[in-house]
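The lines below spell out each chain.
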Amino acid sequence: MSALSVAMVLLASPQAQADREHANGPAPVTTPKSHDGQLSSRVSLGGTGYTGGSGTQPITSSSANWSPPDCWYEAFTPDEFEAVLDDRYYAAGNNHQGSIYDYYYGVRSKMNEIKYHRGDDGKWWLLVYNRNLPENTAGSCTITDGWKWVDAGNPPPPGAITAEQLSQVAYAATKLPVRKVTLSPGANNQKVNLPTYVKFSDALPQVYVTAQVPNPPVAATVVAEPYALHVDAGTSHAEPQSCDYLFKRNGDQYNIDTEGAGCNIVYRKATAAGGAYTLQAQITWKVHWTATADPNGPVAGPMDDGYTTSPQDVTVQEIQAVNR
């Protein structure tokens, strides 16, 4: 089925016109729908980086042009495919979409003639959309056929879901923990001309997200590890204005303590009364993926670095001289 075909005005058969009024009724519940009635993907997601919640932030890719895939083919049984067509057929009738109703009436009639390939060795591959696309993401799906039958022994159609595509889906769904750095002296008690030491009071863990489909089984896991911290003073009145530090791994945790480091920010000017500088702490995460549901599986390849950013206000005071 062409992606444009359901939008075309098709000539209704007399029988279809006669049956239309009797087709209204509750549509069978099959799979979630999105993208104007198109099928949503049945990819399942899980892992330590998928649950999110407070104290987490969606991963930001280091590649400004990166975006997750928005559509692909997934395998369906003949019974599942029939349920999908029934769902669309009844929905069109309920919504009084005459031309779309007539289209699916014709498709169902043809499929009934071949019994949806029941008993044949092979699979139906249906076009599905990524239900986890970020909001306001424009679709760029280039697949034009809504479904294909593929006999056993033949390769899946171009556009069928792959582990690499699943890694991109998992990457887009990854949420990373955000930690404000602990400053010494404290953020509200910085002093002019004294170095600012940075450390994490809570270490960061490795994070992973797994995406998979059950039939045929395909999986990918994205693993993100904290690698580097970039701290920007938030003002030109600092020397240096920024510092970079590497995380150190201790068991399954990652931490930073910049005391004694070669770079520590020194503020040279006090903040105005009631004012503050906005210090930015950006963490770079090194990301790779495995072609399995196991985060410890063989590395299939690297992915774009990810970023999380945490701002905090810093007030800087002049050092008060002590008069004797």
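So, helix α2 (residues 78–94): which residues are in play, and what are the values?
An α-helical segment advances 3.6 residues per turn. Residues three or four places apart therefore align on the same side. Under the 1.5 Å per step criterion, the end-to-end length of α2 is 24 Å for 17 residues, consistent within 8% with the ideal 24 Å. Along α2, the positions that sit buried rather than exposed are Pro 78, Phe 81, Val 84, Leu 85, Asp 86, Asp 87, Arg 88, Tyr 89, Ala 92 and Gly 93. Just past α2, the residue His 96 takes up positive phi, approximately 55°.

Report on the packing of α2 against helix α3 (residues 98–113), specifying residues and quantitative values.
Two elements in contact, α2 and α3, have axes whose closest approach is 8 Å; the angle formed by their N-to-C orientations is 150°. Taken together, the axis directions place α2 and α3 in an arrangement best described as roughly antiparallel. Here the hand of the crossing between α2 and α3 comes out left-handed. For the pair α2 and α3, the contacting residues are Phe 81, Glu 82, Leu 85, Asp 86, Arg 88, Tyr 89, Ala 92 and Gly 93 in the first and Ile 100, Tyr 101, Tyr 104, Tyr 105, Val 107, Arg 108, Met 111 and Asn 112 in the second. Within the contact of α2 with α3, the residues separate by chemical class into 10 nonpolar, two polar and four charged.

Can you break down the pattern of salt bridges residue by residue, with the values?
This structure, assessed with the given rule, holds eight salt bridges. Its salt-bridge partner being Lys 148, residue Asp 145 comes within 3.0 Å of it at the nearest N-O pair. With its nearest N and O atoms 3.3 Å apart, the salt bridge here joins Lys 286 to Asp 305. Within this pair, whereas Lys 286 is found in strand β21 (residues 277–290), its partner Asp 305 is found in strand β22 (residues 299–314), the two being separated by 19 residues in sequence. By relative accessible area, which is 34% here, Lys 286 ends up partly exposed. Residues joined by salt bridges that share partners form a network here, namely Asp 79, Glu 82 and Arg 118.

For helix α4 (residues 163–173), give the residues involved together with the corresponding values.
Among the 11 residues in α4, eight count as buried, and that is most of the element. Along α4, the residues classified as buried are Ala 163, Gln 165, Leu 166, Ser 167, Val 169, Ala 170, Tyr 171 and Ala 173.

Describe in detail the pairing of strand β15 (residues 217–232), supporting the description with residues and values.
Sheet topology places strand β14 (residues 207–214) next to β15; eight bridges connect them, and they run antiparallel. Residue Val 213 lies in a different strand from β15, and its bridge partner there is Val 218. Joining the antiparallel neighbours β14 and β15 is a turn of two residues. Sheet topology places β15 next to β21; 11 bridges connect them, and they run antiparallel. Of the residues in β21, the one forming a bridge with Glu 225 is Lys 286.

Now, about the sheet that holds strand β19 (residues 253–255): what can you tell me, with residues and values included?
Sheets are built from strands paired through backbone hydrogen bonds, the pairs being either parallel or antiparallel. Taken in spatial order, the three strands make up an open sheet running β13-β19-β18, and their pairing is antiparallel. For this open sheet the edge positions go to β13 (204–205) and β18 (248–250), each flanked by a neighbour on one side alone. Where β13 meets β19, two bridges bridge the pair, whose relative direction is antiparallel. Residue pairing for β19: Leu 204 is matched across the bridge by Tyr 254.

Thresholds applied
- Residues numbered from 1 in each chain as written.
- Predicted model: local features only at pLDDT ≥ 70, side-chain atom pairs only at ≥ 80, totals over all residues.
- Heavy atoms only, no water.
- Helix = DSSP H or I, 4+ residues; strand = E, 2+ residues; numbered from the N terminus.
- Expected span 1.5 Å × (residues − 1).
- Buried < 20%, exposed > 50% of the residue type's maximum accessible area, 1.4 Å probe, protein only.
- Axes fitted to C-alpha atoms, helices over the stretch in contact; angles between N-to-C directions.
- Parallel < 35°, antiparallel > 145°, perpendicular 65-115°, else oblique.
- Left-handed = near helix turned anticlockwise from the far one by under 90°.
- Contact = heavy atoms within 4.5 Å.
- Nonpolar A, V, L, I, M, F, W, Y, C, P; charged D, E, K, R; others polar.
- Salt bridge = Lys/Arg side-chain N within 4 Å of Asp/Glu carboxyl O.
- Pairing = 2+ DSSP bridges.

Purely spatial values, then, with no claim about function.
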